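# Per-entry structural report
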Amino acid sequence: MEVANSNLFLNIKGMRFFSKLYNLEIVHSALEYIPHDNDIFIATIPKSGTTWMQTIVYALLMNGRAFDDDINDYKASNPFLEMDGQQAIESMQRPGAIKTHLVFNYLPYNSNAKYITVIRNPKDVCVSFHRFITSIGRGAQNDIAFDTFFNDFLAGKTGHVDYFEHLISCWAHRNDDNVLLILYEDMQKDIRSVIKRVANFLNIEISEELLERIVIVSSFDYLNKARYNEKIDSKDNVATFKFLRKGITGDWRTVLSDEQNRRLETCFREKTKHIHELNILWD
Ligand code: A3P
């Protein structure tokens, strides 16, 4: 297995893990995890709506329970594959959902496991990711300028994975029986129909009452007021992860210059030109 250490990143299979936040052995163990039948993965690129989907899936599995009804229960049933490692996943509370930011093609695979992925307009992901990286303090790139981060994003050299590699690899599996691909923008437009799709995918019957409860306990306002950011801290307290920021679509308009907008669109068209549907996805 290819491993090259730089100061900032552990490079494993072309993915880049912040070396102060991740542990080499744990990441390797995560890659070797053999999924159980019925495992549920929430497999995304960071800043695509992972947290939103986690709180929806948790509430579906737990008959409407909010993350803060029992924070320890929520944490025990929502481990983070590459940060917590194989052992933690083996002993996780089930039913639950495994969060991961591994490139889709490198996910531990079992045809009887289920994979939910959320994808989001790269412009918003880029802005959200930059704001995240520069706010989590020690261990990441606290002071990286947006222009530098933007160039890294286009080149697929930010922390974690290349946005485009992940997008293309999960898109290829979007019609698999055990894969559900959701757009963050669809969650914004019509969260009820997204929750119903997720329920259907997980074979969970959902009443109107449960649906309304889940809309509320997964909403940005609820998570914000219940202080999700403060309650979901990293394992060793090396960073305070802010999973909630603005929670809107189109914030890129306040950040990207016209030239950056053009460059990102050109890059997107170039990298996805062989996939017509992807090419028009965020037009
Ligand atoms: P912004 O930084 O654009 O606000 P992830 O969970 O994958 O790290 O994604 C975080 C992004 O999703 C952040 O985007 C965050 O605000 C947004 N988000 C998290 N929960 C949300 C919710 N319930 N509704 C809408 N957006 C949400």
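An account of the accompanying structure is given in this report. As the structure is a prediction and not an experimental result, all values here were calculated from the model. (Residues numbered from 1 in each chain as written. Predicted model: local features only at pLDDT ≥ 70, side-chain atom pairs only at ≥ 80, totals over all residues. Heavy atoms only, no water.)

### Comments concerning helix α9 (residues 191–201)
Those residues of α9 lying buried are Ile191, Val194, Ile195, Val198, Ala199 and Phe201. Buried positions in α9, seen along its axis, are confined to an arc of 160° and lie on one side of it. Asparagine 203 sits one or two positions beyond α9 and adopts a positive phi of about 55°. (Buried < 20%, exposed > 50% of the residue type's maximum accessible area, 1.4 Å probe, protein only. Helix = DSSP H or I, 4+ residues; strand = E, 2+ residues; numbered from the N terminus. Arc of directions from axis to C-beta.)

### Some points on unusual backbone geometry
In the segment running from arginine 94 into proline 95, the intervening peptide bond is cis, with an omega of 5°. Mapped onto the elements of the fold, proline 95 is located in the loop between α4 (81–90) and β5 (98–100). In this structure, asparagine 38 is a non-glycine residue whose phi angle is positive, near 75°. Within the element layout of this structure, asparagine 38 appears in the loop between α1 (24–31) and β4 (40–43). Its identity as a non-glycine residue notwithstanding, asparagine 203 has a phi of 55°, on the positive side. Its location among the elements puts asparagine 203 in the loop between α9 and α10 (208–217). Judged by its relative accessible area of 68%, asparagine 203 falls in the exposed class.

### Regarding the nonpolar core
Nonpolar side chains tend to gather and get buried jointly when the protein is soluble and globular. Formed by 69 residues in total, the largest nonpolar core has its most connected members in Phe17, Tyr22, Leu81, Ile119, Tyr163 and Tyr228. Top contributing element to this core by residue count: helix α5 (residues 122–133), with six residues. Among all residues touching leucine 81, those that are not within four sequence positions of it are Ala30, Tyr33, Phe41, Ile89, Ile98, Lys99, Thr100, Leu102 and Pro108. By size, the runner-up hydrophobic cluster in this structure holds 28 residues, among which are Leu180, Met187, Leu211 and Ile214. (Core = buried A, V, L, I, M, F, W, Y, C linked by side-chain atoms within 4.5 Å. Contact = heavy atoms within 4.5 Å.)

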